[in-house]
Amino acid sequence: MNVPDIPAHVAVIMDGNGRWAKQRTLPRQAGHRAGVKTARRIVEACARRGVGVLTLFAFSSENWRRPSREVGALMRLFVEALDRQVDELHGNGVRLMFIGDRSGLSDTLQARMTAAEETTRDNTRLTLVIALAYGGRWDIVAATRALAREVATGRLDPEAIDDAMFADRLALAGLPDPDLLIRTGGDHRISNFLLWNLAYAECWFTDRLWPDFDEQDLDKALDRFRGVERRYGRISEQLEDALEDDAC
Ligand code: IPE
Ligand code: IPE
Ligand code: MG
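Cut-offs applied
Residues numbered from 1 in each chain as written. Chains lettered and ligands numbered in written order. Predicted model: local features only at pLDDT ≥ 70, side-chain atom pairs only at ≥ 80, totals over all residues. Heavy atoms only, no water. Helix = DSSP H or I, 4+ residues; strand = E, 2+ residues; numbered from the N terminus. Rg over C-alpha atoms; globule rule 2.2 N^0.38 Å. Buried < 20%, exposed > 50% of the residue type's maximum accessible area, 1.4 Å probe, protein only. Contact = heavy atoms within 4.5 Å. Near = heavy atom within 4 Å. Polar contact = N/O pair within 3.5 Å; in protein donor to acceptor, adjacent residues only side chain to side chain. 1 Å grid on protein atoms, 1.4 Å probe; cavity = no way out; pocket = protein on both sides within 12 Å on 5 of 7 lines; lining within 4 Å. Sits in = over half its atoms within 2 Å of the grid points. Nonpolar A, V, L, I, M, F, W, Y, C, P; charged D, E, K, R; others polar. Salt bridge = Lys/Arg side-chain N within 4 Å of Asp/Glu carboxyl O.

Here we look at the overall build of the chain
A tally of helices and strands in the chain yields eight helices and six strands. Against the 2.2 N^0.38 benchmark of 18 Å for 248 residues, the chain shows a C-alpha radius of gyration of 19 Å, consistent with a compact globule. Projecting the C-alpha coordinates of the chain onto the three principal axes gives extents of approximately 60 × 50 × 35 Å. The buried share among the 248 residues of the chain stands at 46%. By sequence separation, contacts in the chain at least 24 residues apart represent 74% of the contacts at least 6 residues apart.

And the structure:
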C-alpha cells in the first residue's frame, strides 16, 4: 500500500478573520481582506508542495445569517478578489471551481464565477475549489433530490444506489475526498462543511487565526499528515501485510 507524503486534497475552514480584526480594533471587514491575502499565499504554497486539490470554505450557507452589512461587504470582496486574482491564478496554472448554492448570489458575482471557471478549466497544476454559499447538508439534499428524480423517471432502481453513485451527485463529484482538513481559529468543529467527503479526512486544528496562518503552519499540518496511519476501519497488521504485498 502506497502511503503518499503529500495529501492529494486539502480542505480548509478559514476561520478567525473577525477576531483578528477585533484584536487590532479594526472593522471585521479588515479581517476578511487580510484573509483573502492569506488565501492567495496558501494557494501558491499548496501548488508548490504538490497538493492536487485545495478546497477553501469561504462562506457557509449559515453565514447568510450574519448582519446584512457584513454579508454585503463579503460579497463585494468576493467580486473584487476574482477581478484581481483570476488572471494571476490562470497564469500560475490554477483551475478554479466553485461549489455551493449560487441561487442567492448576485448576478455580477455569479457571472464572475462562471467566467473564472471557463477561463481556467484546462489548467492542471492545482484545482482550487471555493466553497461559497456552501453547506454539507445542502449538498447531500441536492444529491438526494437528483437521485430521486432519476428514480421517479424510472431510469434508476433504488436498490442500485450505492456510495459511489451518491458521491457522483455531490458538488465535489470527480475529485478525490479531502485527505486533510485544516481549521484555523481555535474551534474544533466541522460547521456544516463537506459532511460526506470528510468521512476519513485527518483533521488538524490550530488556534492560529486565518489572517496569521502562514507557510510554516501549513507545513506543520502537512507533517502531521505524513506521520499518520490511515486504517479505514482495518487494523495495523493488515496494512503491514498490504505493504509487504506491494513490495513483492
Ligand atoms: C471566517 O472568519 C470567515 C467567514 C466565515 C466568512 P469569521 O468571520 O468567522 O471570523 P471569527 O470566527 O468571527 O473570528
Ligand atoms: C465556518 O466558520 C465557515 C467558514 C469559514 C466560511 P464560521 O465562523 O461561520 O463557523 P461557526 O459559526 O463558528 O461554526
Ligand atoms: Mg468564525
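Comments concerning the site of ligand 1
Taken together, the neighbourhood of ligand 1 is formed by Met14, Asp15, Gly16, Asn17, Gly18, Arg19, Arg28, His32, Ala58, Asn63, Arg66 and Leu74. In the environment of ligand 1, an oxygen atom lies 3.4 Å from a nitrogen or oxygen atom belonging to the backbone of Gly16. Here an oxygen atom of ligand 1 and a side-chain polar atom of Arg28 are 2.8 Å apart. Among the detected pockets, ligand 1 sits in the largest pocket. Counting only elements with at least two residues in the shell around ligand 1, the list comes to α1 (17-23) and α2 (28-49). At three residues, α1 tops the list of elements feeding residues into the shell around ligand 1. Within the shell around ligand 1, the residues separate by chemical class into three nonpolar, five polar and four charged.

A few points about the environment of Gly227
Its location among the elements puts Gly227 in the loop between α7 (215-226) and α8 (236-247). Sequence spacing of Gly227 and Asp5 is 222 residues, and the spatial spacing of their C-alpha atoms is 8.8 Å.

Focus on the pattern of salt bridges
Throughout the structure, instances matching the rule amount to 23 salt bridges. The closest approach of N and O atoms between Asp15 and Arg183, which form a salt bridge, is 2.9 Å. Taken together, the residues span a long stretch of sequence, with Asp15 in the loop between β1 (9-13) and α1 and Arg183 in strand β5 (residues 180-183) at a distance of 168 residues. Of the two residues, Asp15 and Arg183, both sit in the buried class. A salt bridge links Arg49 to Asp219; the shortest N-O distance between them is 2.7 Å. Of the two residues, Arg49 sits in helix α2 while Asp219 sits in helix α7, which places them 170 residues apart along the sequence.

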